[in-house]
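Spelled out from the first residue to the last, the chains are:
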Amino acid sequence: MESIDPATGRALPSDAIQRVLFVASPVHVYNIPPMTPGKGHVAASWTADENGRHIFTARLRVIETAVPVPDADVDADAEGNVKADVVLEDARTGQLFAAAPYTAQAVVEPVSDSSRFFALRVQDEAGRKATLGIGFEERSEAFDFGVSLQEAQKTLGWAGRGAGPPGKKPAAAAAELKDGGAEKRDLSLKEGETITINLPGRFGRRKPATPPPSNSNASLSSFSLPPPPPPSSSSSPSLASRGSGGIPPPPSVQSARAKRLSAQDLGFDDGKFGEFA
């Protein structure tokens, strides 16, 4: 059976290999408005007004196509001739309605309010693009559709990357980036070169030096008291005769006895028993 390119409808080489990753029918196709910034695509607006934006009921297929590399290009990257397409067809006749070459994850975008609806970016032979809405009747079909797209990403070699040329494996893309990137700078020291590094103090900022302790004996020796003032002439002669100490001598025994007064002198009567003798 002759193989047909699902995107263009043209015949493929006899040695081309095709693999169907997913089939679902019926799938409803909608003419959708532009995406709302900040909200994305909203499926509720597609089915409003009694499903007025519904334009077609199709059969959806995800097809993987591989074309072997000619002998002259044996050293070329064979993965570059592998592609995947999301195809919308008439379920009864198989006639192509629209095709979306799956070259990036942005070709199929989920909506923000449902898991059964997607925005599909289709493209014709002239390269003109348009965005259509597709809706599955069962959530299980929508889930299987997402799984088939993940399988296609693995085959194309750009799974896990947001976008990229199909058929290029991550290792090959990394090699291209390495070859096309800036040359590495040689920062090694050449012979005879040295590096001088100025390091701060061991403990950071130096503390100010403390002044040496002062000699207390020397300071005391320089301190002197003024001499005591001389006795004034107005002082009593008794104070002058007391000597330099200023403390009077104790009274003599004779003067103490002479000053003692008898009981009669103090106004007391000598009692019978002589208590006041």
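Trainee: Explain the pattern of salt bridges here, please?
Mentor: Two side chains bearing opposite charge may form a pair once their charged atoms approach each other closely. A complete count under the given rule lists eight salt bridges for this structure. With a shortest N-O distance of 2.8 Å, D5 and K83 are connected by a salt bridge. In this pair, D5 is assigned in the segment before β1 (17–31) and K83 in strand β3 (residues 82–89), connecting sequence segments 78 residues apart. Between E151 and R19 there is a salt bridge, and its shortest N-O distance comes to 3.9 Å. Taken as a pair, E151 in helix α2 (residues 139–156) and R19 in strand β1 lie far apart in primary sequence, 132 residues in all. Owing to a relative accessible area of 33%, E151 belongs among the partly exposed residues under this scheme. One continuous salt-bridge network, built from bridges that share partners, spans D5, K83 and D85.

Trainee: What should I look at first to understand the sheet that holds strand β6 (residues 117–123) in this one?
Mentor: Remark on secondary structure: sheet strands pair via backbone hydrogen bonds, oriented parallel or antiparallel. Strand order in this open sheet of seven strands is β4-β3-β2-β1-β7-β6-β5, and the pairing throughout is antiparallel. The sheet is open, and its two borders are formed by β4 (96–101) and β5 (108–110), each paired with just one other strand. Averaged over neighbouring strand pairs, the angle between their axes works out to 35° when direction is ignored. Alignment of β5 against β6, held across three bridges, turns out to be antiparallel. Following the sheet pairing, E109 is matched in β6 by A119. Contacting β1, β2 (54–66), β3, β5, β6 and β7 (129–136), α2 runs over the sheet at an angle of about 140° to β1.

Trainee: So what exactly am I meant to see when it comes to unusual backbone geometry here?
Mentor: Peptide bonds are, in most cases, trans, and in most cases residues other than glycine have a negative phi. In this structure, P26 follows S25 across a cis peptide bond, with omega equal to 0°. One non-glycine residue, D49, lies in positive phi territory at about 55°. Positive phi values are uncommon outside glycine, yet E50 reaches one of about 55°. Mapped onto the secondary structure, E50 falls in helix α1 (residues 48–51).

Trainee: Looking at this structure, I do not really get α2. What am I missing?
Mentor: Residues spaced three or four apart along an α-helix face the same direction, because each turn holds 3.6 residues. Here α2 spans 26 Å end to end across 18 residues, near enough to the 26 Å set by a 1.5 Å rise per residue. Listing the buried residues of α2 in full gives A142, F145, S148, L149, A152, Q153 and L156. Axial view of α2: buried residues confined to an arc of 145°, hence all on one face. In α2, the exposed positions angled more than 90 degrees off the buried face are occupied by R139, F143 and K154. In this structure, the buried side of α2 is in contact with β1, β2, β3, β5, β6 and β7. Downstream of α2 by one or two residues, G157 has phi in the positive range, about 90°.

Trainee: Even after reading the chapter, I still don't get the environment of G146, so can you show me in this structure?
Mentor: Checked against the element boundaries, G146 lands in helix α2. According to the relative accessible area criterion, G146 is partly exposed, its value standing at 25%. For the pair G146 and V108, spaced 38 residues apart in sequence, the C-alpha to C-alpha distance is 9.3 Å.

Trainee: Explain the nonpolar core here, please?
Mentor: If you look at soluble globular proteins, the nonpolar side chains tend to sit buried side by side. Of all hydrophobic cores here, the largest spans 28 residues; its most connected members are L60, Y102, L120, I134, F136 and F145. Breaking this core down by element, the ones donating at least two residues are β1, β2, β3, β4, β6, β7 and α2. The element that contributes the greatest number of residues to this core is α2, accounting for five residues. Discounting chain neighbours no more than four positions away, the residues touching L60 are F22, V23, A24, V27, V86, V87, L88, I134, F136 and F145.

Trainee: Would you mind going over a nonpolar patch on the surface with me for this structure?
Mentor: Nonpolar side chains collect at one region of the surface, where L189, I195, I197 and L199 lie side by side and expose about 490 Å² of accessible area between them. Relative to the assigned elements, I195 resides in the loop between α3 (170–180) and α4 (216–221). Residue classification places I195 among the exposed residues on the basis of a relative accessible area of 59%.

Reading the values: the criteria
- Residues numbered from 1 in each chain as written.
- Predicted model: local features only at pLDDT ≥ 70, side-chain atom pairs only at ≥ 80, totals over all residues.
- Heavy atoms only, no water.
- Salt bridge = Lys/Arg side-chain N within 4 Å of Asp/Glu carboxyl O.
- Helix = DSSP H or I, 4+ residues; strand = E, 2+ residues; numbered from the N terminus.
- Buried < 20%, exposed > 50% of the residue type's maximum accessible area, 1.4 Å probe, protein only.
- Pairing = 2+ DSSP bridges.
- Axes fitted to C-alpha atoms, helices over the stretch in contact; angles between N-to-C directions.
- Contact = heavy atoms within 4.5 Å.
- Expected span 1.5 Å × (residues − 1).
- Arc of directions from axis to C-beta.
- Core = buried A, V, L, I, M, F, W, Y, C linked by side-chain atoms within 4.5 Å.
- Patch = residues over 30% accessible without salt bridge, like charges linked within 9 Å, V, L, I, M, F, W, Y side chains within 5 Å.
- Areas by Shrake-Rupley, 256 points an atom, 1.4 Å probe, with all protein chains shown as cover.

Read these as geometric descriptors, not functional statements.
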